[in-house]
Amino acid sequence: MFFNSYYFSLTGCVTCLDHDEHYILTFPNGYGRQSLYLYTCIYNCRSILTVPWIELGGECSINCSKTGYNASIVFHTKPFYGGKKHRVTAEIFSPNDKKPFCSIEGEWNGVMYAKYSTGENAVFIDTKKMPTIKKKVRKLEDQDDFESRCLWKDVTYNLKIRDIDAATAAKH
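Residues numbered from 1 in each chain as written. Predicted model: local features only at pLDDT ≥ 70, side-chain atom pairs only at ≥ 80, totals over all residues. Heavy atoms only, no water.

- An unreviewed UniProt entry lists the chain under the name OSBL9 protein, from Neodrepanis coruscans.

Below is the structure:
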């Protein structure tokens, strides 16, 4: 079996205006995966490409300098044989504590369960039940030249009309 794999990585800051808190976040690595299975039959060798999937993997953190709370998060990639896709584990720490007050595990695109230091267990979040919230984005004419939607508008347009050559040319 062979894999195609692509990689991207991000870092950011989220501000909670109601509490004047700033959270510095690192994000997991993203991978585009596809497997190639080779098998032989009596007459010849054949191959099957699986359906591509996106996979998140790696260690992340969330830190708030104002409160001192922080979290360590691990997005687990699917092992070569067996295992599950989309697994995530996390630990949440109070300021100056070395032992987490909450541990989380589950699937980042499904249900995550929390285990608290008090012994209580609960559903932390069920992403399948969360509502979809429409993004708020400034109009293209109000964006700077290097803001994402403005920068990629020609690529996006050409992909929508299925003109791959024009989309590729627009990236340069």
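Concerning a nonpolar patch on the surface
Part 1 of the argument: Judged by side-chain polarity, Phe-146, Leu-151 and Trp-152 come together as a nonpolar surface patch covering roughly 370 Å² of accessible area.
Part 2 of the argument: For Trp-152, the position within the fold is in the loop between helix 1 (148-151) and helix 2 (153-160). (Patch = residues over 30% accessible without salt bridge, like charges linked within 9 Å, V, L, I, M, F, W, Y side chains within 5 Å. Areas by Shrake-Rupley, 256 points an atom, 1.4 Å probe, with all protein chains shown as cover. Salt bridge = Lys/Arg side-chain N within 4 Å of Asp/Glu carboxyl O. Helix = DSSP H or I, 4+ residues; strand = E, 2+ residues; numbered from the N terminus.)

Brief notes about the environment of Ile-54
Part 1 of the argument: By secondary structure assignment, the location of Ile-54 is in strand 6 (residues 53-64).
Part 2 of the argument: Along the sequence, Ile-54 and Lys-85 sit 31 residues apart, while their C-alpha atoms lie 9.6 Å from each other.
Part 3 of the argument: Beyond its immediate stretch of four places on either side in the chain, Ile-54 contacts Tyr-31, Gly-32 and His-86. (Contact = heavy atoms within 4.5 Å.)

Thoughts on the nonpolar core
Part 1 of the argument: Formed by Leu-56, Cys-60, Ala-71, Ile-73, Phe-75, Val-88, Ala-90, Ile-92, Cys-102, Ile-104, Met-112 and Ala-114, the largest nonpolar core amounts to 12 residues.
Part 2 of the argument: Put simply, the parts of the chain that give this core at least two residues each are strand 6, strand 7 (70-76), strand 8 (87-93), strand 9 (102-107) and strand 10 (111-116).
Part 3 of the argument: Leaving out residues up to four positions away in the same chain, Val-88 has contacts with Ile-73, Val-74, Phe-75, His-76, Ile-104, Glu-105, Gly-106, Glu-107, Trp-108 and Met-112. (Core = buried A, V, L, I, M, F, W, Y, C linked by side-chain atoms within 4.5 Å. Buried < 20%, exposed > 50% of the residue type's maximum accessible area, 1.4 Å probe, protein only.)

Some details on a positive patch on the surface
Part 1 of the argument: Together, Lys-134, Lys-135, Arg-149 and Lys-160 give the surface a local cluster of positive charge.
Part 2 of the argument: Counting through the fold element by element, Lys-160 comes out in helix 2.
Part 3 of the argument: By relative accessible area, which is 68% here, Lys-160 ends up exposed. (Lys, Arg positive; Asp, Glu negative; His and termini not counted. Charge placed at Lys NZ, Arg CZ, Asp CG, Glu CD.)

Re the pairing of strand 2 (residues 11-16)
Here is the key point about a regular strand: its side chains alternate between the two faces of the sheet.
Part 1 of the argument: Across six bridges, the pairing between strand 2 and strand 3 (residues 21-26) is antiparallel. If you follow Cys-16 over to strand 3, its bridge partner there is Glu-21.
Part 2 of the argument: Linking strand 2 to strand 3, which pair antiparallel, is a turn of four residues; within it Asp-20 sits at a positive phi near 50°. (Pairing = 2+ DSSP bridges.)

Quick notes on unusual backbone geometry
Part 1 of the argument: Residue Asp-20 is not a glycine yet carries a positive backbone phi of 50°.
Part 2 of the argument: Locating Asp-20 in the fold gives a position in the loop between strand 2 and strand 3.
Part 3 of the argument: Despite not being glycine, His-86 shows a phi value in the positive range, around 70°.
Part 4 of the argument: Checked against the element boundaries, His-86 lands in the loop between strand 7 and strand 8.

Some words on the packing of aromatic side chains
Part 1 of the argument: Going through the model one piece at a time under the given rule, you end up with one aromatic pair.
Part 2 of the argument: Ring centres of Tyr-69 and Phe-101 lie 6.1 Å apart, and the angle between their planes is 85°; on these two criteria the pair is classed as edge-to-face. With a gap of 32 residues between them, Tyr-69 in the loop between strand 6 and strand 7 and Phe-101 in the loop between strand 8 and strand 9 connect regions that are remote in the sequence.
Part 3 of the argument: A relative accessible area of 40% places Tyr-69 in the partly exposed class.
Part 4 of the argument: Among the residues examined, Phe-101 registers a relative accessible area of 28% and is labelled partly exposed. (Phe/Tyr/Trp six-rings, centres within 6.5 Å; stacked < 30°, edge-to-face > 60°.)

Regarding the side chain of Gln-143
Part 1 of the argument: Considering the arrangement of structural elements, one finds Gln-143 in the loop between strand 11 (121-126) and helix 1.
Part 2 of the argument: Of the polar contacts made by the side chain of Gln-143, one reaches the backbone oxygen of Arg-138; its length is 3.1 Å.
Part 3 of the argument: Aside from chain neighbours lying at most four places away, what touches Gln-143 is Val-137, Arg-138, Arg-149 and Cys-150. (Polar contact = N/O pair within 3.5 Å; in protein donor to acceptor, adjacent residues only side chain to side chain.)

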